[in-house]
Each structure stands twice: as C-alpha cells, then as structure tokens.
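# Topology and contacts: notes
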Amino acid sequence: MRIRATVAAVSGALALSALAVPAAQAVGDSGTPYTLNVSFSKVSVATAIKVGTTSEVSASYSYTLTHGSDVNIAAKDFYTDAFLYHGSYSDSAPELYGDNPATCTATSSTTATCKGTVDIYPADGDLQNAWAGGWNVGAEAVAFNGQDQNNPDLSKVGYKDQSGLGTTLVQRYSKLTADAGPEPVAKGKTLTITGKLSRANWEDHGYHGYTGQPVKLQFRKAGTSTYTTIKTVTTDSSGNLKTTTTAGSDGYWRFSFAGTSTTPAVSATGDYVDVR
C-alpha cells in the first residue's frame, strides 16, 4: 500500500505531490490509514498520448467515483485523481500524474463524475525511452477528515487506490519528411524520392532516426484528393529513406508510416512534382 500526500498550496490552488510512501514507512505513532469507502469505474482516457522532447502534454481523463454515505467528496480536504503506471502495479512502477486533482460533480448521493488531466513533462525527465508503449490506468482518493495535512494522524485518514482500470499508449512523437526530384522531370524519366523517419528521444531530448521500419511511398495525382501506395520502403540504420520510380504525371509524392505501439503513425507533407 502507498500513501500519496496531497498538499493544499497557498492561494487555494491544489497540487498532488505524487509522493509515494511505502506502508512500512508510514507505520508509527501517526498510525496507518483506513481503507476509504470508494471505488472507481467507467474510466475514459485517450487511446494514445503522443509526447515529444520538450513541450508539456496533457491527456484528459474521466471516471465514475462511487462512495459510501460516510465519505464527503465535497470536503476541502478530499482529493481524488486518475494516473498512469507502466508495468505491474507496485511501489517501483513508473507513474504519471496530473498537476491538480480531479474535479468531481455529484450525480447522486453516492456517485460522482470526476474529470482531470495527466500532465507529462518530457523536458523534466518524466519519461524514459524504454517506457514507450502500453501504460495502465489507476485511480485513488484520500480523505484527510480535518487532519493537518503536513502532520496528520494517519489512523484518521482514509485512502483507497485501484489499479487495472484501463490502458493507453504513451508514444514517442514521430516526424517524417519527403523530397522528390528532379523538379521538373520529363515524363518517363526516373524520379528519386528521399526522406527520413525520426522520433523523439525522451532521454537526450532530440529526434533520431527510427531504423528498420516499413514506410509506404504514396502518390496523389494533381486534381485528386486520394493518395495511392506505390511501394514499401524500409528505413536504413539512420532512419533515412530513398527510392526511385518512373515519372508519369503531375502530382504529390509522400512517405507514410503506419506507426507502432511505441511510435505514432505519421505522413510526410506531399512534395509536388511537375512532369513535362
């Protein structure tokens, strides 16, 4: 069991510290918390969260909080939120939280709809590359019941967390370029298309080539709106792409990547080639 200290900041703003304290450390004169009479269900979160190298990313969530009549969710020292964790749910699991607790709106005397965000700061080291891919969703609630939040009698504090409430993907943001030439080109001549597939590195905060990935070369004829796949090209050891084709008509050439569990799909901006 873990206790996360929820701290009330000055000016009325609230911030979850995301401080995880093992139960063994909490045992002592202050007592241990009791299990709060709440449960969480109907969790909704984005199916995928794309995170780059520096900019904050916020992912919205919502869930239903069900509570006993003895739990006052309107109290100023009642807090709840959802969070993401990677791998098995344990004290050592990587976790992602929001800057603020969820906001709950009562829908009956014992239920409420709670909404909030998970706020990710890649520039601050919130993520490691190995953590890209599947994450799980959990939720928690704490009732301080009038206790001094800086020095509470934990035996009078209620706490409940619940894991396995959903899943999402936290992905390394991707970029893809395409350049076709020569421009213009004679009809029937060889056209060369180059590009690069890269993705965010959460550890050095740069973008590096994504190697060994299948990428589709696509063409859209001038005056139309649909791209057609011509062939599939594989990125090299630096994420670069290079292929040739025969110029047939005016139009736009691009590369398109279908994505993986760790890296989102992306299509390059079409490069127009005039065929004469």
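In what follows, the structure referred to is the one given above.
Residues numbered from 1 in each chain as written. Predicted model: local features only at pLDDT ≥ 70, side-chain atom pairs only at ≥ 80, totals over all residues. Heavy atoms only, no water.

### Section: unusual backbone geometry
Going from Gly-181 to Pro-182, the amide bond is cis rather than trans, its omega being 5°. By the secondary structure assignment, Pro-182 is in the loop between β14 (179-181) and β15 (190-201). Residues Glu-183 and Pro-184 are joined by a peptide bond in cis, for which omega reads -5°. With respect to the element layout, Pro-184 can be found in the loop between β14 and β15. Even without glycine at this site, Lys-42 takes up a positive phi of about 50°. Checked against the element boundaries, Lys-42 lands in strand β4 (residues 38-45). Here the phi dihedral of His-205 falls at roughly 65°; this positive angle occurs in a residue that is not glycine. If you trace the backbone, His-205 turns up in the loop between β15 and β16 (206-209). (Helix = DSSP H or I, 4+ residues; strand = E, 2+ residues; numbered from the N terminus.)

### A word on the side chain of Asp-271
Take Asp-271: it is sitting in strand β22 (residues 271-273). Summary of buried charges: Asp-271 has no salt-bridge partner, and the nearest side chain of opposite charge, Arg-220, is 11 Å away. One polar contact links the side chain of Asp-271 to the main-chain amide nitrogen of Ala-180, over a distance of 2.7 Å. Contact partners of Asp-271, with chain neighbours within four places excluded, come to Ala-178, Asp-179, Ala-180, Glu-183, Gly-251, Tyr-252 and Trp-253. (Buried < 20%, exposed > 50% of the residue type's maximum accessible area, 1.4 Å probe, protein only. Lys, Arg positive; Asp, Glu negative; His and termini not counted. Salt bridge = Lys/Arg side-chain N within 4 Å of Asp/Glu carboxyl O. Polar contact = N/O pair within 3.5 Å; in protein donor to acceptor, adjacent residues only side chain to side chain. Contact = heavy atoms within 4.5 Å.)

### Section: the environment of Lys-221
When you line up the elements, Lys-221 lands in strand β17 (residues 214-221). Here the alpha-carbon distance between Lys-221 and Asp-250, two residues 29 residues apart in the chain, equals 6.2 Å.

### Focus: the nonpolar core
Grouped together as the largest cluster of nonpolar side chains are 33 residues, with contacts concentrated most on Phe-40, Val-51, Tyr-63, Leu-65, Phe-78, Leu-84 and Leu-127. Listed in part, the 21 residues of the second largest apolar core include Leu-197, Leu-241, Phe-257 and Val-266. (Core = buried A, V, L, I, M, F, W, Y, C linked by side-chain atoms within 4.5 Å.)

### Observations concerning the sheet that holds strand β9 (residues 103-106)
The strands making up a sheet associate through hydrogen bonds between their backbones, and the pairing can be parallel or antiparallel. Read from one edge of the open sheet, four strands run β4-β6-β10-β9, paired in antiparallel fashion. With one partner strand each, in any of the chains shown, β4 and β9 form the two edges of the open sheet. Neighbour-to-neighbour, the strand axes of this sheet turn through a mean angle of 25°, independent of strand direction. Bridge count for β4 against strand β6 (residues 57-67) is six bridges, and the pairing is antiparallel. The partner of Ser-44 across the bridge, within β6, is Ser-62. (Pairing = 2+ DSSP bridges. Axes fitted to C-alpha atoms, helices over the stretch in contact; angles between N-to-C directions.)

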